[in-house]
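Observations on chain architecture
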Amino acid sequence: MRTTTNRRRGPAGSPLVRRWRQTADRHLTPVQRSLLITWVSFGVTFATVRVITHGIRGGWLPWRNLSAGGEHLHHYNFGIATLAGLGLIAVRGDERAVGHPAVAAAYGCGTALICDEFALLLDLQDVYWAKQGRISVDVSLGVLSVLGAYLTARPFWHEIGRVTGRHLVSVTKGGVRADR
């Protein structure tokens with residue numbers, strides 16, 4: 001009689017995600033892991049902010065712009081506040097906190113919030129919706145995010161490709177268990 005264990009299911013408990021975690025443990029140094037988390041959080045935050053701002057402006061999201069005392073709060077303000085808080089962590093020098101994945105993720109998010117409104121900071125004019133340069137800025141930052149995440153951990157991504165390929169082959173063969 002075969003007994004089954006109650007394994008956690010869902011994306012985090014899937015055999016492929018477990019293999020990805022094992023690959024990360026084998027191929028990423030702590031510095032590479034922090035850089036990778038930073039780049040990925042930068043890309044995800046940048047894309048999310050673009051969708052949200054377009055949704056607010058287009059009226060297809062129920063949210064409105066944030067304001068305080070009648071003044072619009074630009075999202076670069078939240079990015080600056082995030083980076084200032086992270087600066088306090090760095091100045092304090094607690095190595096456990098400095099190397100924590102949440103710090104890397106917050107750094108990527110804060111930087112993306114600032115970069116998304118870079119034209120405003122550069123010209124001190126609210127040109128966020130101006131056509132000139134907007135597309136090139138979006139594409140440039142998107143490419144930089146993907147390139148940074150790739151270059152930070154190139155061997156890891158190559159191994160992830162091999163692990164994923166082997167997993168897909170084993171799953172498509174049907175009789176082979178995918179969680180080995």
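Quick caveat, the model's predicted, so the values are computed rather than measured.

1. Notes on the packing of aromatic side chains
Scanning all chains against the criterion turns up three aromatic pairs. With a centroid separation of 6.3 Å and 65° between ring planes, the pair formed by Trp39 and Phe42 is classed as edge-to-face. Residue Trp39 and its partner Phe42 are located together in helix α2 (residues 30–58), separated by three residues, close to a single helical turn. Connected via pairs of aromatic rings, a cluster forms that spans Trp39, Phe42 and Phe46.

2. Observations concerning the side chain of Thr45
Here Thr45 shows up in helix α2. Polar side-chain contacts of Thr45 include one of 2.7 Å to the backbone oxygen of Ser41. Apart from residues no more than four positions distant in its own chain, Thr45 is found in contact with Cys109, Ala112 and Leu113.

Rules used throughout
Residues numbered from 1 in each chain as written. Predicted model: local features only at pLDDT ≥ 70, side-chain atom pairs only at ≥ 80, totals over all residues. Heavy atoms only, no water. Phe/Tyr/Trp six-rings, centres within 6.5 Å; stacked < 30°, edge-to-face > 60°. Helix = DSSP H or I, 4+ residues; strand = E, 2+ residues; numbered from the N terminus. Polar contact = N/O pair within 3.5 Å; in protein donor to acceptor, adjacent residues only side chain to side chain. Contact = heavy atoms within 4.5 Å.

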